[in-house]
Amino acid sequence: MNVPAASSAATSPLPMTESLERSATMPLPAREQLETLVADILAEARAQGASAAEAAVSFGSALSVAVRLGEVETLEHHRRRGLAVTVYFGQSRGSASTADWRQAAIRDTVASACAIARHTAADPYAGLADPERLAREIPDLDLYHPWALSAEEAIELARECEAAALAMDPRIRNSEGGGVATHAGFGLYGNSHGFCGGYPTTRHSLSCSVIAQDNGEMQRNHWYSVARDRVGLEAPIAVGQKAAQRSLRRLGSRRLGTRQVPVLFAPELARGLIGHFIAAIRGGALYRKASFLLDRLGTPVFPEFVAIRERPHLLGALASAPFDSEGVATADRHLVEGGVLQGYVLDSYSARRLGMTTTGNAGGTHNLIVEPSGPFGHEALLQQLDTGLWVTELLGHGVDTVTGDYSRGASGFWVEKGEIQFPVHEITIAGNLKEMFTGIRALGSDVDKRGGIHCGSLLLERMTVAGE
Amino acid sequence: MMTIDTLDLARQQLLTPAGLGEDDLNRTLACLLGHAIDSGDLYFQARRAESWSLEDQQVKSASHAIQQGVGVRAVSGEKTGFAYSDEIQMPALLEAATAARAIARHGGDGPLQSWRPIQRPALYPPLDPLLTLSAEAKLRLLEAVDAEARRQDARVNQVMVSLAAAQDTILVASSDGTLAGDVRPLVRLSVTVIVEQNGRREQGSAGGGGRVGYDWFLAEERAVGYAREAVRLALVNLDAVPAPAGAMTVVLGPGWPGILLHEAIGHGLEGDFNRKGTSAFAGRVGERVASPLCTVVDDGTLAERRGSLNIDDEGTPTQCTTLIEGGVLKGYLQDKLNARLMNTAPTGNGRRESYAHLPLPRMTNTYMLPGAHDPGEIIASVERGLYAVNFGGGQVDITSGKFVFSASEAYLIENGRITRPVRGATLIGNGPDVLTKVSMVGNDLQLDAGVGTCGKDGQSVPVGVGQPTLKIETLTVGGTQA
């Protein structure tokens, strides 16, 4: 049950105290204040008898505006604080969280966590990350570029974005609006091994969603740009124009008959396929035997030309992190080389359960780079597709990580001899991820860097399309 | 039905500790309105939540969370200004009001109405579900579910159980005079099992819940029933053959398959999308959008249901709203903002995930009323088709009307009989015409077990769905067997 949000650019939790005249996000608390808070939580845990503890505190502040048909629709000020603690009594653990940073709240929160730990069973695999894995140096990864954006400037940018879309074509007659959001936050993590690390980050986005109408048909689409530094954002006009083009090209959509054909996934959807691969090699799925890729380490999962690397220290990238959410140092590594699976995605707990060591992926992966299989832009890939389906949107959640079964709603374009014939919708595409992965024929160089997985278009040998 | 002064309970929990009284609410609203704002509201919330989870036959992790704050909204025409604070204190309230009212530069001064407390008979008790079982009893409940699942079949090799509860106490004070409070318990238990046979693995999940205490799971063998159901589902899938691909007759079972109505109809009838003309249903009230057999309602007033509320998050009492009657589109789901802009009345569907989110028109419990047919008769009428009885999630593009929902338990129907189970497959259709293809409606209306969560604009809220057995003459099934 899900409705795609008008702007899919994520605006994390956040702020409130400014008025229109002041800058967008609030000043962040001083590092020392957060460090003191973490130290207080760990001290309280010790005082209440915990043998080990870990704590995370965060502060976020954001401004977001939405403009629709030239008028301001919403202006939101966000400010959010968080505090989370996990305590260990030997091998038993308990967790608790609150938004309240006062001493009394810290005491109560630690007490809640301790009360839980008195009831949970001893788990031989539980515990903090091993001390030798904790990050010793914390490189500056260039993730903090606050944007002194006033609400009025934000509104103006959102207007510009939407106006560019509305001006593209007379068939763009309605809109879900243009949006601008800016977020600044600070997160700090510490544990009773003596680790304490944290850093500020920013994230800014522009988005636009408009509706193309013709002969009683309505089609909606959107585009967005997101970056750590506003300098990295696409121009508002470009965002608006892309949103308009993407909506317009869907007009005249038809269905297809049921058939088996090659399928080309647009970069933003190819990213999702790689995401399903990651879900299947995550420690939690592996130790529960809830994955279609069990015991595949060192064996081919993709064709020989596929290489996937993790690059956690890319400067200014959206998923960069000097350490993971349990303080373990992150490092470059090869996840897939020559199509062969080289490593799993593990945190300390799942690693211990598998008899392995953590890969620094508590909380997720940090910049996965899917190497292009050649200098293949979108046009070149349409030629390689020859006759088949170019998928530009997917609907629904029909993916089973246990079996690899994949069946989702789709829309896109029917392509013959490398030429786009007409837009299609109300069809499904189905297959099994195991075979889909080995059936990859090409990976494009048209890489989309708007998320934690940098991937270009992806061409698959064959899937079942169900339609009329 | 109980009559409990939930407003008074909310006042005691949210305002009294901060020394706030109704005069302070008045002062804040006056500050909000002093700036050429049409209307404004304050939403106070305190939330306590916990979750316990079991795997490897042991409860090894659990967490507890507390969240509280106040959201301040200022509305001027179609514009909304919003700010919130995680401190419930007068200075923070005034600061948030100052930020929220900056939305308006011009416009009429909204009048501040005198308080009009909203009271209604309670649909659920104002209990704290976290306290309805001792910690030891919660562990025993989880362990009993695990044991029941393992007892079902030797092929069960993983059982994961989670038990969660939350208590939300809210108070809404609006410049239109609304003053209302609610105390909302919510519990949920879910079981996932993995079975293995000859190297093939399948999973099955089941669960339930509602606005009740944990003891509800102990009654009528509910909790152990979820364990049996999860194992049954997983075992069915061990024998499943690839699903067919293409358009065919589909019979949907009763209960949770009502996710069809949620995706195909419900979202498209939310007031915001219709006010903006972005829904495939915009401007179609009075038109036929379903076969005459179909009557669909959204009902927030069902006792103890997951999707029910005494009042919505704007203080409007919930109601039973007829969306489609005898196949004809009757109306939309409204919050206050969209109702005002569309010149109609709110329907008690203004909901928000928390004080840190703006209210939106959202569903409560959405279901189709029963028809005349025996479910067996419906199956017998199908020569070749799909019988789908359990589903995972769904999604809709409200503008094009295309929707999907993914079957997790389905069977082939051959010559009027249910034959082989088939693997999971996504079904896709077009919202505005799928119900015109409903040719038979069963007499077996069921509501779901109480596990649905709906996402919109990044906000999640608990909802319910339901329906009787339905026959849809043609729908596209996204299997692999072309």
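As the structure is a computational prediction, the values presented were derived from the model and not from experiment. (Residues numbered from 1 in each chain as written. Chains lettered and ligands numbered in written order. Predicted model: local features only at pLDDT ≥ 70, side-chain atom pairs only at ≥ 80, totals over all residues. Heavy atoms only, no water.)

Chemist: Before we go on, may I ask you to explain the nonpolar core in this structure?
Modeler: A general feature of soluble globular proteins is that nonpolar side chains tend to end up buried together. With 58 residues, the main nonpolar core has V180(A), L25(B), F44(B), V72(B), L93(B) and L171(B) as its most contacted residues. Among the elements that take part in this core, helix α3 (residues 151-166) of chain A stands out by supplying 7 residues, more than any other. Other than its neighbours up to four places away in sequence, V72(B) contacts L32(B), D41(B), L42(B), G81(B), F82(B), A83(B), L93(B), A96(B), A97(B) and A100(B). One finds L256(A), F302(A), L341(A) and C455(A) within the second-largest nonpolar core, a separate group that totals 50 residues. (Core = buried A, V, L, I, M, F, W, Y, C linked by side-chain atoms within 4.5 Å. Buried < 20%, exposed > 50% of the residue type's maximum accessible area, 1.4 Å probe, protein only. Helix = DSSP H or I, 4+ residues; strand = E, 2+ residues; numbered from the N terminus. Contact = heavy atoms within 4.5 Å.)

Chemist: What's the story with the sheet that holds strand β17 (residues 453-454) of chain A in this structure? I'm lost.
Modeler: Backbone-to-backbone hydrogen bonds pair the strands of a sheet. The strands run either parallel or antiparallel. Residue and element names in this part refer to chain A. Taken together, 5 strands build an open sheet; the order of strands is β11-β10-β9-β12-β17 and the sheet is mixed. At either end of the open sheet lies a strand with only one pairing partner, and these are β11 (340-341) and β17. Bridge analysis of strand β9 (residues 308-310) against strand β10 (residues 333-337) gives 3 bridges, and the strand direction is antiparallel. Bridge pairing in β10 links E310 to R333. (Pairing = 2+ DSSP bridges.)

Chemist: I tried to follow the packing of aromatic side chains on my own but got confused; where do I start?
Modeler: Within a pair of aromatic rings, the relevant descriptors are the distance that separates the centres and the angle that separates the planes. Residues and elements named next belong to chain A. Counting across every chain of the model gives 17 aromatic pairs over all chains. Geometrically, the ring pair formed by F277 and F437 is edge-to-face, given 6.0 Å between the ring centres and 90° between the ring planes. With F277 in helix α5 (residues 267-280) and F437 in helix α9 (residues 433-438), this pair connects stretches of sequence that are 160 residues apart. Residue F277 is classed as buried on the basis of its relative accessible area of 0%. These aromatic residues form a ring-pair network of at least three members: Y189, F195, Y199 and F323. Here the basic side chain of R81 rests over the ring of W101, its NZ or CZ set 5.3 Å away from the ring centre. Geometry around Y224 places R450 over its ring, the cationic atom sitting 4.1 Å from the centre. (Phe/Tyr/Trp six-rings, centres within 6.5 Å; stacked < 30°, edge-to-face > 60°. Lys NZ or Arg CZ within 6 Å of the ring centre and 35° of its normal.)

Chemist: Would you mind going over the interface of chain A and chain B with me for this structure?
Modeler: Interface size is commonly expressed as the accessible surface area that is lost when the partners come together. With 83 residues of chain A at the contact, the number on the chain B side is 91 residues. Summed over both partners, the interface of chain A with chain B comes to about 6800 Å²; 53% of that surface belongs to carbon and sulfur atoms. The interface formed by chain A and chain B contains 10 salt bridges. Between chain A and chain B we count 33 residue pairs in polar contact (both at pLDDT 80 or more) in total. Examining the composition of the side of chain A that touches chain B, we find that 11 residues originate from one element, strand β3 (residues 71-89) of chain A, more than from any other. Split into classes, the residues belonging to the side of chain A that touches chain B amount to 29 nonpolar, 29 polar and 25 charged. Relative to strand β3 (residues 79-85) of chain B, β3(A) runs parallel, the two sharing 4 bridges. (Buried area = accessible area lost by both parts, 1.4 Å probe. Salt bridge = Lys/Arg side-chain N within 4 Å of Asp/Glu carboxyl O. Polar contact = N/O pair within 3.5 Å; in protein donor to acceptor, adjacent residues only side chain to side chain. Nonpolar A, V, L, I, M, F, W, Y, C, P; charged D, E, K, R; others polar.)

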